[in-house]
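One-letter residues, chain by chain:
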Amino acid sequence: MSEPSRTVEVERKYDVDGSTPLPSWEAIPGVDAVTEGEPRALDARYFDTASGDLARAGVALRRRTGGPDEGWHVKGPRTGDGRIELGWPLGESDDLPPQVAEFVAQWTTAPLIPLARIENARTAYLLTGPDGVVAEFVDDRVRGTDLRLPAGLPAPAPREWREWEMELGPAAPADEAGRSAFFLAVERAVAAAGGRVSPSGSKLGRALGF
C-alpha cells in the first residue's frame, strides 16, 4: 500500500432545511466562478475502541467508498483552525490495513469496532479564483446509523439531516485575516439563503446523537 495522502482540513459546517435554496456566492472575496454541481454517493463506516480511545484523543477513523478520495481516512486532533487528514487506498478487503493500524497505534492498540454508518448523497461545487480552487462547497443529504448495539435492545432508527460544508482549497487566503473575511462572507451568504452555523462538530457525532 502506498504512502498516505496528507491534507489540512479547514472547514465550516452549516445546518439547513431540506428545501432551502443554495446560497449565492457573488459577494465572496477572491471567487470568480462556481462549477456545476458534481453528485457523489458516499458510504462510510467509522470505527473506535469499545472505550472510545480515538474519540478521547480527538481522532476519527473511517472507511469510505465513493467520491474522489475514497479509502481509509484518519482525521487527527484539531490544531488551531484545522486538522490533518491522512488517506490510504481501500485495499483488497474490508479489513483495517496494517499501515493504518500502525498509524492509529499511537492512540490505541485495542480492538476496533464499528461505531456508525454514514450514507451521504453529496453535491460538490468548486469555488474558483484567478489562482485556482479557493474552496469546495458541498450540499449533503445525510443518513446516519448508530452501529453500537446494546445487548437485548433494538437498533436505533437512523438519523437523517441536510447540511452544508465549506472547505478551503489550495488557492484560499493563507493569512488569518483573509480566512476570517472569507468565512464571514460565506456565513452572510448562508444566512441569506436560510442556513445557520451548525452546533455539531461532525457527522459522526450527529449520527451517535451528540
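Just above, that's the structure.
Residues numbered from 1 in each chain as written. Predicted model: local features only at pLDDT ≥ 70, side-chain atom pairs only at ≥ 80, totals over all residues. Heavy atoms only, no water.

## Structural notes on the overall build of the chain
Turning to step 1, where the next piece is worked out: When helices and strands are counted, the chain shows four helices and 11 strands.
Turning to step 2, where the next piece is worked out: Along the longest, intermediate and shortest principal axes, the C-alpha atoms of the chain span 50 × 40 × 30 Å.
Turning to step 3, where the next piece is worked out: Across the 210 residues in the chain, those meeting the buried criterion constitute 43%.
Turning to step 4, where the next piece is worked out: Here the analysis covers contacts within the chain between residues at least 6 apart in sequence; of these, 68% occur between residues at least 24 apart.
Turning to step 5, where the next piece is worked out: Put simply, the chain shows about 11000 Å² of open surface, and 53% of that area lies on carbon and sulfur atoms.
Turning to step 6, where the next piece is worked out: Averaging the coordinates of the 24 positive side-chain charges in the chain and doing the same for the 33 negative ones gives two points 5 Å apart. (Helix = DSSP H or I, 4+ residues; strand = E, 2+ residues; numbered from the N terminus. Buried < 20%, exposed > 50% of the residue type's maximum accessible area, 1.4 Å probe, protein only. Contact = heavy atoms within 4.5 Å. Areas by Shrake-Rupley, 256 points an atom, 1.4 Å probe, with all protein chains shown as cover. Lys, Arg positive; Asp, Glu negative; His and termini not counted. Charge placed at Lys NZ, Arg CZ, Asp CG, Glu CD.)

## Details of the packing of aromatic side chains
The geometry of an aromatic ring pair comes down to the distance between the two centres and the angle between the two planes.
Turning to step 1, where the next piece is worked out: Counted by the stated rule, this structure contains seven aromatic pairs.
Turning to step 2, where the next piece is worked out: Between Tyr125 and Phe137, the ring centres sit 6.0 Å apart and the planes meet at 35 degrees, which makes this aromatic pair tilted. Note that Tyr125 is positioned in strand E8 (residues 113-129) and Phe137 in strand E9 (residues 132-146), a separation of 12 residues in sequence. Neither Tyr125 nor Phe137 differs from the other in exposure class; each is buried.
Turning to step 3, where the next piece is worked out: A centroid spacing of 5.6 Å and a plane angle of 65 degrees characterise the contact between Phe137 and Trp164, whose relative ring orientation is edge-to-face. Here Trp164 lies in strand E10 (residues 159-168) and Phe137 lies in strand E9, a separation of 27 residues in the sequence.
Turning to step 4, where the next piece is worked out: Since its relative accessible area comes to 2%, Phe137 is described here as buried.
Turning to step 5, where the next piece is worked out: Positioned over the ring face of Phe183 is Arg12, at 4.2 Å from the centre of the ring. (Phe/Tyr/Trp six-rings, centres within 6.5 Å; stacked < 30°, edge-to-face > 60°. Lys NZ or Arg CZ within 6 Å of the ring centre and 35° of its normal.)

## Notes on the pattern of salt bridges
Turning to step 1, where the next piece is worked out: For the structure shown, the criterion picks out 24 salt bridges.
Turning to step 2, where the next piece is worked out: Among the salt bridges present, the one from Arg143 reaches Glu160, with a minimum N-O distance of 2.7 Å. Pair noted here: Arg143 is in strand E9 and Glu160 is in strand E10, with a separation of 17 residues, a long-range link.
Turning to step 3, where the next piece is worked out: Take Arg143: its relative accessible area is 35%, and that puts it in the partly exposed class.
Turning to step 4, where the next piece is worked out: The partner of Arg148 in a salt bridge is Asp146, with the nearest N and O atoms 2.7 Å apart. (Salt bridge = Lys/Arg side-chain N within 4 Å of Asp/Glu carboxyl O.)

## Observations regarding helix H3 (residues 176-193)
Turning to step 1, where the next piece is worked out: With 18 residues, H3 should cover 26 Å at 1.5 Å per step; its first-to-last C-alpha distance of 26 Å lies within 8% of that length.
Turning to step 2, where the next piece is worked out: Among the residues of H3, those classed as buried are Gly178, Phe182, Phe183, Ala185, Val186, Ala189, Val190 and Ala193. Summarising the axial view, the buried residues of H3 lie within an arc of 155 degrees, below the 170-degree limit, and thus occupy one face. Turned more than 90 degrees from where H3 packs its buried face, Glu176, Ala177, Arg188 and Ala192 sit exposed.
Turning to step 3, where the next piece is worked out: Taken together, the buried residues of H3 touch strand E2 (11-16), E9, E10 and strand E11 (196-197).
Turning to step 4, where the next piece is worked out: Immediately beyond the C-terminal end of H3, within one or two residues, lies Gly194, with a positive phi of roughly 115 degrees. (Expected span 1.5 Å × (residues − 1). Arc of directions from axis to C-beta.)

## Notes on the nonpolar core
Turning to step 1, where the next piece is worked out: Trp25, Ile28, Met166, Phe182 and Val186 are the most contacted members of the largest nonpolar core, which totals 22 residues.
Turning to step 2, where the next piece is worked out: Of all elements in the fold, only E2, E8, E9, E10 and H3 reach the threshold of two or more residues within this core.
Turning to step 3, where the next piece is worked out: A per-element tally of this core places H3 first, with seven residues.
Turning to step 4, where the next piece is worked out: Those residues in contact with Ile28, other than ones at most four positions away along the chain, are Phe182, Ala185, Val186 and Ala189.
Turning to step 5, where the next piece is worked out: In terms of nonpolar packing, the next biggest core, distinct from the first, is built from 11 residues, Ala44, Tyr46, Leu115 and Leu204 among them. (Core = buried A, V, L, I, M, F, W, Y, C linked by side-chain atoms within 4.5 Å.)

## Here's the deal with the side chain of Glu165
Turning to step 1, where the next piece is worked out: Structurally, Glu165 can be placed in strand E10.
Turning to step 2, where the next piece is worked out: The exposure class of Glu165 is buried, given its relative accessible area of 8%.
Turning to step 3, where the next piece is worked out: Here Lys13 takes part through its side chain, which lies 2.9 Å from a polar atom of the side chain of Glu165. (Polar contact = N/O pair within 3.5 Å; in protein donor to acceptor, adjacent residues only side chain to side chain.)

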